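# Per-entry structural report
Chain by chain, the residues:
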Amino acid sequence: MTRTDHDLPGPADLTIAEARKEIARLRPEIDRHNRLYHAESAPEISDSAYDALFQRLLALEAAHPSLVATDSPTQRVGADPLDSLPNIEHAVPMLSLDSAHDIDAVRRFDERLRKAIGDDGIRYVLEPKLDGASVELVYVDGVLERAVTRGNGRVGEGVTENVRTIATVPLRLDDSEVAVPRFLSVRGEALMYLADFESLNQRRIEAGEPPYQNPRNATSGALRQLDSRVTAQRPLTVLAFDVLAVDGVSFETDSEGLRALSAWGFRTPERVEVVDSLAEIAAYHGRFEADRDALEYEIDGVVVKLDSLAPRAALGSTAHHPRWAIAYKFEPRKEITRIDRIFVSVGRTGVLTPVALLRPVEVGGVTVSRASLHNREELERKDVREGDLVRIQRAGDVIPQVVERVHEEGRERGARFVMPDACPSCGIAPVEKGPFTVCPNHFACPAQLKGRIAHFAGRSALDIEGLGGETAALLVDQGLVRELADLFDVREDDLVPLEGFAELSARNLVRAIEARGRVELARFLVGLGIPEVGFAVAGDLAAHFHGIDAFREASPEELEEVHGVGPKMSLAIRGFLDDERVAAALDNLLARGFDFILPEEPEDSGARWAGQTFVLTGTLEMSSRGALKKLLQDSGARVTGSVSKRTDFLVAGANAGSKLAKAQALGVEVLDEARFRERFAAELGDFGAPPGASVDRSDLDMSNGDPGQ
Ligand code: IVH
């Protein structure tokens, strides 16, 4: 039964108790219609009847603002913009999937599983592999509490306000069929329907903005907006397919979990099937691939998952993917077109990339007009030339590639393409590095400088509004910026005469740049474009070194103490910092006097240890190293695995070895157990066993210590 506005007293005439009562009735009713419409595609009322309900709720909330709640269906319009997206750790790591490109690889997967758990346990859930952006949705007591992008799998970006605007995401779970757990973490895929994507791009082109490459990029752009009111205007959908963690409810199978997700009000993937043979997997894959072009959204394969949850735990995961699931990918989409011209582009890192300009062709719903030819060796191997007919492919988010030349009987071909012997941007002779041709001129090469400026000002770096690729190019071409540091000297008067600038935009840009004199250290590190360092690692580096100087001086070993930094990455970072031109550019940049915002220290308990770095070594009598480490960390100290210049104290028990020697060499204060107890008696209280108590042998390894925090 739906009543219309005019039967009702005006919202302002209601007492707060009356308003509360009506709101309590309206919200679940609107939620239900939302769900019927968005998750089940089975609306029961007309759009205008829905609107009437919605307007009534809006009016009630406007008249009684104290009754507005974050889970109200009215709260999907977006909130005030944020300065940056916070990094948030996932409740459970979000792994990715291992891929199979042919049925043999799926057969091997099937055989491994059968061997491990027996034929009886084998039932597979089959789903489309959605080609969007993964998100974690966390509900506490049934209310959406946070939404986090996948990020590096361990930590992602908090996009809660943005996700609230997506109609298919329930703000409050429906408990009418399945009880709502106290805590629920759900994994889903945000995506854009192809038709929505096309119209979004159309609008962008009309507004003079660059169109998105593909629906996936458009999705992740929309998801990561700082202003959720922008996200609210983008046509996003979320399909939920996995219960990552749940309290109090237990499922035996994945398909039960999917049914619960659906009962709670999520939209789930279509055409899910449960099968028990390889032949059925092959058939499912074949059917989906055949229908691929008719689907309303992009998929790039099917996902095969073991249905029973108990054996999943036993099968476990590698560092990257679970052993109980696999993505059976589709062939990338291919089309044939002609190369009009080949040119060479110079990227931010100086790599010269040959690019084919193509006769525009549609590949799986996206128009492609250029494709990468990768590098000198690839180009030689494929021997494609201007005028050739080629097969191109587009695989998901990957830049379109030229796969091969299509032979044309009797056509006279053009000359072989050779890489230029001068950088097309700065004219310096390039050098060959393996298959790549690289301009060695770094910041002095305008193309590289342009790329570096745009990167420095980019969304996940300094986020300087109004300083994109085009403006960066303009600043360099006009000679206003010869190195990154010059950005901070650009004045309004320099900009006003430039094309595309007026007084206001010039002032805004100068102000936006100035404002970034104070910036999170992590963003600054991202902005430097250090090889291999993305936002997650930059965050960890900033948290670990707590300052730019300590980071610049860190040895490869010290870098490796940072979570997520391995030997290859530490060398890449060191190599970058050691490059003279980089060091000089960085010196000049830092001379502008940045005020770095550092990640928050662990809560300062007021103890003397807060912010101090400890290394523990040798056999400690008062407690195991593990327990002492925890005690120190709980009081705000950092405990790392190896001694460096930044170590404040080495606590050395009996038989201390190389770490003691290193601490002495570096002049780090060494405390034996007695001194340590003396210095920290107040904080230690009666912590630790009486002297002479036994020691946990596993903590005795002195050569490596433990791997850090
Ligand atoms: S299951 C631990 N099912 O594909 C694996 N993933 O690398 C749990 N994806 O970004 C993931 N559709 O988010 C699963 N039906 C589906 C999926 C799916 C898309 C995404 C996933 C991840 C990528 C796998």
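Let us look at the structure shown here. Fair warning: this is a prediction, and the values are worked out from it, not measured in the lab. (Residues numbered from 1 in each chain as written. Predicted model: local features only at pLDDT ≥ 70, side-chain atom pairs only at ≥ 80, totals over all residues. Heavy atoms only, no water.)

Consecutive residues of a regular strand have side chains that alternate between opposite faces of the sheet. Going residue by residue along strand β23 (residues 649-652), you find F649 and V651 tucked away on one face and L650 and A652 tucked away on the opposite face as well. In this sheet, strand β24 (residues 669-672) lies alongside β23 in parallel orientation, the contact comprising four bridges. Residue pairing in the sheet places F649 in a bridge with E669 of β24. This β-α-β element, β23 to helix α23 (residues 658-666) to β24, shows right-handed connectivity. (Buried < 20%, exposed > 50% of the residue type's maximum accessible area, 1.4 Å probe, protein only. Helix = DSSP H or I, 4+ residues; strand = E, 2+ residues; numbered from the N terminus. Pairing = 2+ DSSP bridges. Right-handed = clockwise from strand over helix to strand, strands pointing away.)

Bringing the pattern of salt bridges into the picture now. Charged atoms that come close allow side chains of opposite charge to pair. One pass over the structure, following the stated rule, counts 50 salt bridges. Its salt-bridge partner being E520, residue R523 comes within 3.5 Å of it at the nearest N-O pair. Each of R338, D383, R385, D388, E408, R411, R413 and R416 takes part in a single network of salt bridges with overlapping partners. (Salt bridge = Lys/Arg side-chain N within 4 Å of Asp/Glu carboxyl O.)

What follows covers the sheet that holds β23. The strand order across the open sheet built from four strands is β22-β21-β23-β24, with neighbouring strands paired in parallel fashion. Every interior strand has two partners, whereas the edge strands, β22 (638-639) and β24, have only one. This element, α23, spans β21 (613-617), β23 and β24 of the sheet and lies at about 145° to β23. (Contact = heavy atoms within 4.5 Å. Axes fitted to C-alpha atoms, helices over the stretch in contact; angles between N-to-C directions.)

Moving on: the site of the ligand. The full set close to the ligand counts 14 residues, and L97, E127, L130, S134 and E189 are the nearest of them. At 3.1 Å, a side-chain N or O of R187 approaches an oxygen atom of the ligand. At 2.9 Å, a side-chain N or O of E189 approaches an oxygen atom of the ligand. Contact with the protein chains covers 91% of the free accessible surface of the ligand, which is 530 Å². Within the residue set of the shell around the ligand, elements represented by two or more residues are β3 (124-130), β7 (183-191) and β10 (299-306). No other element matches the four residues that β3 contributes to the shell around the ligand. The residue inventory of the shell around the ligand, partitioned by class, reads seven nonpolar, two polar and five charged. (Near = heavy atom within 4 Å. Polar contact = N/O pair within 3.5 Å; in protein donor to acceptor, adjacent residues only side chain to side chain. Areas by Shrake-Rupley, 256 points an atom, 1.4 Å probe, with all protein chains shown as cover. Nonpolar A, V, L, I, M, F, W, Y, C, P; charged D, E, K, R; others polar.)

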